[in-house]
Amino acid sequence: MDSLLGLLRATGQLLSLQPLLLITVGISVGILAGAMPGVSPSMGVALMVPFTYAMDPSMALVYLAAIYLAANYGGAITAIMINTPGTPSAVVTSFDGHPLCVQGRAREALGLALVASFVGGAFGTLILMLFAAPLASVALKFWPAEYFSLAVLGLSTIASMGGENALKSAMSAALGLLVCTVGMDPVLGVNRFTFGNVNLFDGFEFIPMLIGLLALSEIFVEVEEFDFRPQKVEDEAGSKWPGFLYYWKLRAAMLRASIIGTIVGIFPGAGATIAAFISYDMEKRISKTPERFGKGIPEGVVAGEAADSASVGGALVPMLTLGIPGSATAAVLMGALMIHDLQPGPELFVKNPDVIYKLYASLFIGNTVMLILGIWGSKLWINVTRVRKQLLFPLIFAFAMIGSYAVNSSMWDVMVCLGFGIVGYILKRYNYPLPPFVLGMVLGEMAEMNLRRAVMMAGPTAVFQRPISVTMLAVAALSFVIPVISARRKRAAKAKGSVAA
Amino acid sequence: MDSFSTWVAGQGQVVLPLAGVAIVAASWIAARGSSRRRHAGRIAVDTALLCLGLIAYALTYGFTGMSFAGASAEMVPRLWAGLLIVLSIMRLAHAWSGKEAEDPGFGRIDKVLLLMALLVAKVIGITWLGYYITAGIFVFACGLLLGYRNIATLLILAGGWVAFSYFVFYRLLTVPLPTGQLLMGLGI
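Residues numbered from 1 in each chain as written. Chains lettered and ligands numbered in written order. Predicted model: local features only at pLDDT ≥ 70, side-chain atom pairs only at ≥ 80, totals over all residues.

**Some points on the packing of helix 4 (residues 57-82) of chain A against helix 6 (residues 106-139) of chain A**
All names here are of chain A.
Reasoning step 1: Close contact between helix 4 and helix 6 brings their axes to 10 Å; oriented N to C, the two are set at 160°. One element, helix 4, and the other, helix 6, form an angle in the roughly antiparallel class. Both helix 4 and helix 6 take part in a crossing whose hand is right-handed. Along the contact surface, helix 4 presents Leu69, Asn72, Tyr73, Ala76, Ile77, Ile80 and Met81, while helix 6 presents Ala106, Ala109, Leu110, Ala113, Leu114, Ser117 and Gly121.
Reasoning step 2: Within the contact of helix 4 with helix 6, the residues separate by chemical class into 11 nonpolar, 3 polar and no charged. (Axes fitted to C-alpha atoms, helices over the stretch in contact; angles between N-to-C directions. Helix = DSSP H or I, 4+ residues; strand = E, 2+ residues; numbered from the N terminus. Parallel < 35°, antiparallel > 145°, perpendicular 65-115°, else oblique. Left-handed = near helix turned anticlockwise from the far one by under 90°. Contact = placed C-beta atoms within 7 Å. Nonpolar A, V, L, I, M, F, W, Y, C, P; charged D, E, K, R; others polar.)

**Things to note about the interface of chain A and chain B**
Reasoning step 1: Contacts between the two partners involve 50 residues from chain A and, on the opposite side, 54 residues from chain B.
Reasoning step 2: Broken down by secondary-structure element, the contributors of at least two residues to the side of chain A that touches chain B are helix 8 (166-179), helix 9 (206-225), helix 18 (389-408), helix 19 (411-429) and helix 20 (435-458) of chain A.
Reasoning step 3: With 10 residues, the top contributor of residues to the side of chain A that touches chain B is helix 18 of chain A.
Reasoning step 4: Here the side of chain A that touches chain B is built from residues that sort into 38 nonpolar, 4 polar and 8 charged.

**Describing helix 13 (residues 298-322) of chain A**
Residues and elements named next belong to chain A.
Reasoning step 1: Here helix 13 is 25 residues long and its end C-alpha atoms lie 37 Å apart, about the 36 Å a rise of 1.5 Å per residue gives.
Reasoning step 2: Where helix 13 bends most, the angle comes to about 25°, and this point is Ser311.
Reasoning step 3: Where burial is concerned, most of helix 13 is hidden: 25 out of the 25 residues are buried.
Reasoning step 4: Of the residues flanking the end of helix 13, it is Gly323, one or two places downstream, whose phi is positive at about 80°. (Expected span 1.5 Å × (residues − 1). Bend = angle between axes of the 7 residues up to and from the residue. Buried ≥ 20, exposed ≤ 12 C-beta atoms within 10 Å, placed from the backbone.)

Written out as structure tokens, the structure is:
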């Protein structure tokens, strides 16, 4: 009952001019960021963090969550119109969305993506509301040993995401964890890896690191490819927005995709892309006409898009309750919360329940705003795909620089951003995934603080003394080992197959 | 061990990173001259990460020796550095055994390097010329570097960015953007 009252109160507070304007701006920025090829949702959120410095923490979260929510839909616009997914997760949308567009049914495809995003987003938020608080109350009973194991569990799942690249993912995460130890030791105040540089006493600032790793590195890679030819936008004349009954017929597919998206999103490290692929695969398996998938079937568009958007709510569950981000964008969001002195985790529900309720309410409102803006601004969003990268990239660089500077009004942070941009570019070039690096940076402090607390309380074997902690470590080990073994088996089977052929 | 700790806390902070750079360069040269020529880039990156782990591990011996109830300042950095070392060795073994995919080909690496140089120039430029002039020049030059040739559009873009950063960051968000030592010296 308290939760419902809290939610109603937060909804009332957000239904005034300023918050609504903020959500609308956030949704617009998110759609634009998602629609621009080369700008990922995590990059979009990271670039917008500097704008929130002067905001009230809960409003900053509302704004950034709106961008996160809308960026996933924005990615579908380019996927449908020019077969160039604006976000990795929108790849699935392009499988059937673009063929629909080529058939002259662009508006139908855009409408499907929009409504599926709306349904998926609303479902994910509902699950977030229902399960976040109970999970947080369980997490409040955790001891430091369990928190350390939880951090390891979060790290292991993202490291295992790489499949054949598992080793690289693990190295990337280890690098992020090591970077996190630079600066003054949080317990004893000992300087570590500072080389006498005063700027390093507080460690590397999170946002410049993040902007460098996610935004600059991506652009360096694109510049190396140097393919800036404008994409041809398919002719959409004659196509229509579908009516309510059309969508109603697809309700089962939307619901299935929403459930899959939310569940996958909850697992740290899985994220929207995996959710969309699993959902698409599932829809194809149960379809009576699987041969139509990939040629422009509405269920294909809905499966990817609803799962993609539902994963947002799912990814926020572990972030808010356990302090473990469920996706790279959630990691950025978590960093932004920390900048505003809000520590994601179970205590957030006790200390700042108003922030949580505002977030829930904003996700619902944001979803509705996205639906309205999506219909109203379809022409505009399509035009965004025509923005030349040669003009877009200088602006992103300029944004990255000023955003890094704005954190502390320090040129040192700009240099940190540039340095991490170059490191990220080199790693990306050689297929080292960067999300584990970000996760390592985010979870590093939590892992260190709790490991040391546990050792102080119960000695060096502290993390092996409590059953929940041991279970989590075992699950972490399994979740790392199983994908590696299965990838090896697949490789071996493939090699056998090619020898036999 | 005490003398090593003292060395690490002093000269080692310079010598160890330099040694790391030398080892990475040597590994790249060695790979280029061997049958693993096409994996030289990957080998160099893996060696760099191995060196990073080893150097970080060594540097922990230079931390001020403080400990509280068995939890010292070097405990966690050693854990992560050790993990990085083990994983890097595994990766290096993989790369040297030839099981790894070949290095990606170089695209317009010249443009990337020029862009990095432009960004460094921007950082230096901000200190001397201030944010606004440098940012305008940067946006214009960056567009040119990326092959855009419509000068009028680039000028509008550069001017627009300067105006946007002034109104949004300086006026609205009250970020004190640097005015530059040169201009300050001139009293502008």
